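Examination of the molecular architecture
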Amino acid sequence: MTKKISLTGIKPTGIPHFGNYIGAIRPALKMLENSSTEGIYFIADYHSLTTMHDGKTLRENSYEVAASWLACGLDPEKTTIYLQSQVPEVMEFNWIMACFTSKGLMNRAHAYKALVQRNEEAGRDQDQGINMGIYTYPILMACDILIHKSDYVPVGEDQLQHIEMARDMANVFNHTYKKEAFKLPEGIAQKGVLLPGLDGRKMSKSYNNHIPLFLPEKKLRKMVMKIQTDSQPPETPKNPDDSLIFDLYKYFTTEQQQQELADWYRRGIGWGEAKQQLFEAMNAEIAPARERYNELMADKAQIDKALQMGAEKVRPQIQEYLREIKELIGVG
Ligand code: ADP
Ligand code: TRP
């Protein structure tokens, strides 16, 4: 039986936070426990280049993100992990797909439209600060997906439009050459999985309410203790369904643990005690990965090796596919 391919790209924006872990890393790795699915999870450094123009930071971020996935359990022998820029064939594909993508489609991309709107609202030229990489971002993303004949693309909901666009481009191409040259991918977004941050809003770097995934234990505890609470005394019975601490706790514990803490809430719990329970649950979940993460970051050659192995694995397949596509379009 041929395996289904689950592919996703991760933008190297620095050490992930617990929201990224719960919403992206943990489910994407869980998906691979199903032996009929093969994973290809790559670091989209060229996508980051659209906004990050500091070479040292971009490279360091790529290491941090690769180390995070490896530390959280991605086994490079079984699951392919590579650095986008180490597979240059994608760029050749990128040009080909650009010639099958209407400008109008790019004009409709939410991310691009939001930037234009922000410029307009500020009374600036509508194109200010928008480079062509940002504008054509969905084309490169479509290539990332289509070159692997991906079946599933696990992403955050904000990325679903890009996957629809990849399907559009694939359809235009297939229709033009009357051939199923590209497989249509299916976007898979986690519904209802939204880890709150320290202030109760969605945990996000842009709100600066996030808890970095690999904080040293003491710092993690300190951050959890910072969660804002009211001034109810410990003996007052409390409602677990109306508690940010409890909301967070649910993502790291079994139903039985949740039941026990809920009972404690109803009997009366001190907020310090509740936070201690949360800290222990988060720490238990991440402690083994943290150790591995620190090891990897102290010996980046291990990360290089995993990424190189991934690139070496995918490049021959992509080259073969590229040859077929070039034959079809009459170039090369
Ligand atoms: P940020 O909002 O911090 O910039 P990103 O947009 O880079 O995070 O998110 C990368 C991935 O992590 C996406 O798949 C997104 O769905 C997931 N993610 C981010 N924040 C959360 C959250 N608070 N809860 C669940 N998933 C999240
Ligand atoms: N655009 C995605 C993001 O911002 C990252 C990405 C690049 C991606 N190429 C991809 C995701 C291909 C899935 C498939 O998160």
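What this report covers is the structure whose coordinates are included nearby. Small disclaimer: the values here were computed from a predicted structure and weren't measured. (Residues numbered from 1 in each chain as written. Chains lettered and ligands numbered in written order. Predicted model: local features only at pLDDT ≥ 70, side-chain atom pairs only at ≥ 80, totals over all residues. Heavy atoms only, no water.)

A word on the overall build of the chain. When helices and strands are counted, the chain shows 14 helices and five strands. Computed over the C-alpha atoms, the radius of gyration of the chain is 22 Å, within 12% of the 20 Å expected from 2.2 N^0.38 for a compact globule of 332 residues. With the principal axes as the frame, the chain shows a C-alpha extent of 75 × 50 × 40 Å. Each of the 332 residues in the chain was classed as buried or not, and the buried ones make up 47%. Only carbon and sulfur atoms are counted for the fraction: they give 50% of the accessible area of the chain, which is about 17,300 Å². (Helix = DSSP H or I, 4+ residues; strand = E, 2+ residues; numbered from the N terminus. Rg over C-alpha atoms; globule rule 2.2 N^0.38 Å. Buried < 20%, exposed > 50% of the residue type's maximum accessible area, 1.4 Å probe, protein only. Areas by Shrake-Rupley, 256 points an atom, 1.4 Å probe, with all protein chains shown as cover.)

Ranked by internal contacts, the top residues of the largest apolar core, which has 56 residues, are Phe 18, Trp 69, Ile 81, Ile 211 and Ile 303. With 11 residues, the top contributor of residues to this core is helix 13 (residues 271–298). Counting residues domain by domain, this core receives three or more from each of domain 1 (4–195 + 299–329) and domain 2 (217–292). Contact partners of Ile 211, with chain neighbours within four places excluded, come to His 17, Phe 18, Leu 198, Met 203, Leu 220, Met 223 and Met 282. Counting residues in hydrophobic clusters, the runner-up holds 45 residues, among them Ile 5, Val 87, Ile 96 and Tyr 137. (Core = buried A, V, L, I, M, F, W, Y, C linked by side-chain atoms within 4.5 Å. Domains from an automatic or database assignment. Contact = heavy atoms within 4.5 Å.)

Our focus in this paragraph is the site of ligand 2. The environment of ligand 2 is formed by 14 residues, the closest being His 47, Tyr 137, Met 141, Asp 144 and Gln 159. Tyr 137 is positioned such that a nitrogen or oxygen atom in its side chain is 2.7 Å from a nitrogen atom of ligand 2. In this structure, a nitrogen atom belonging to ligand 2 sits 2.8 Å away from a side-chain N or O atom of Asp 144. Coverage of ligand 2 by the protein amounts to 90% of the 370 Å² it exposes when considered alone. Put simply, the parts of the chain that give the shell around ligand 2 at least two residues each are strand 1 (4–10), helix 8 (137–146) and strand 4 (152–155). Looking at the shell around ligand 2, the element that brings in the most residues is helix 8, giving four residues. Tallied by class, residues from the shell around ligand 2 come to eight nonpolar, four polar and two charged. (Near = heavy atom within 4 Å. Polar contact = N/O pair within 3.5 Å; in protein donor to acceptor, adjacent residues only side chain to side chain. Nonpolar A, V, L, I, M, F, W, Y, C, P; charged D, E, K, R; others polar.)

Of the pairings in the sheet, the one linking strand 4 to strand 5 (residues 186–189) comprises four bridges and is parallel in character. Counterpart to Tyr 152 in the pairing with strand 5 is Glu 186. Crossover strand 4 to strand 5 through helix 9 (residues 160–177) is right-handed. (Pairing = 2+ DSSP bridges. Right-handed = clockwise from strand over helix to strand, strands pointing away.)

Under the criterion given, the structure shown has 13 salt bridges. The salt bridge partner of Arg 290 is Glu 217, with a shortest N-O separation of 4.0 Å. With Arg 290 in helix 13 and Glu 217 in helix 10 (residues 217–225), the pair connects residues that are 73 residues apart, well separated along the chain. Overall, the relative accessible area of 42% leaves Glu 217 in the partly exposed class. Between Asp 247 and Lys 250 there is a salt bridge whose closest N-O contact spans 3.7 Å. One end of the pair is Asp 247 and the other is Lys 250, both in helix 11 (residues 244–250) and three residues apart, which spans about a single turn. (Salt bridge = Lys/Arg side-chain N within 4 Å of Asp/Glu carboxyl O.)

Quick look at the packing of helix 4 (residues 89–98) against helix 8 now. Relative to each other, helix 4 and helix 8 sit at 120 degrees, their axes nearing to 9 Å. Regarding helix 4 and helix 8, the two cross each other, and that crossing is right-handed. Residues Val 90, Met 91, Phe 93, Asn 94, Met 97 and Ala 98 of helix 4 touch helix 8, and the partners they reach there are Ile 139, Leu 140, Cys 143, Asp 144 and Leu 146. Broken down by class, the residue content of the contact of helix 4 with helix 8 amounts to nine nonpolar, one polar and one charged. (Axes fitted to C-alpha atoms, helices over the stretch in contact; angles between N-to-C directions. Left-handed = near helix turned anticlockwise from the far one by under 90°.)

This paragraph deals with the site of ligand 1. Lining the immediate surroundings of ligand 1 are 13 residues, of which His 17, Leu 195, Met 203, Ser 204 and Lys 205 lie closest. Taking Gly 156, its main chain carries an N or O atom lying 3.4 Å from an oxygen atom of ligand 1. In the model, an oxygen atom of ligand 1 is placed 2.8 Å from a nitrogen or oxygen of the Lys 205 main chain. Residues belonging to the shell around ligand 1 are distributed by class as follows: five nonpolar, six polar and two charged.

Its identity as a non-glycine residue notwithstanding, Lys 149 has a phi of 50 degrees, on the positive side. For Asn 208, which is not a glycine, the phi torsion comes out positive at approximately 50 degrees. By secondary structure assignment, the location of Asn 208 is in the loop between strand 5 and helix 10. For Asn 208, a relative accessible area of 66% gives the class exposed.

Residues separated by three or four positions in an α-helix point in the same direction, a consequence of the helix having 3.6 residues per turn. Here helix 1 (residues 18–31) contains 14 residues, and its C-alpha end-to-end distance of 18 Å stays within 8% of the 20 Å for a straight helix at 1.5 Å per residue. Maximum bend of helix 1: about 30 degrees, positioned at Ile 25, with proline Pro 27 one to four residues after it. Within the sequence span of helix 1, burial applies to Phe 18, Gly 19, Tyr 21, Ile 22, Ile 25, Pro 27, Ala 28, Leu 29 and Met 31. (Expected span 1.5 Å × (residues − 1). Bend = angle between axes of the 7 residues up to and from the residue.)

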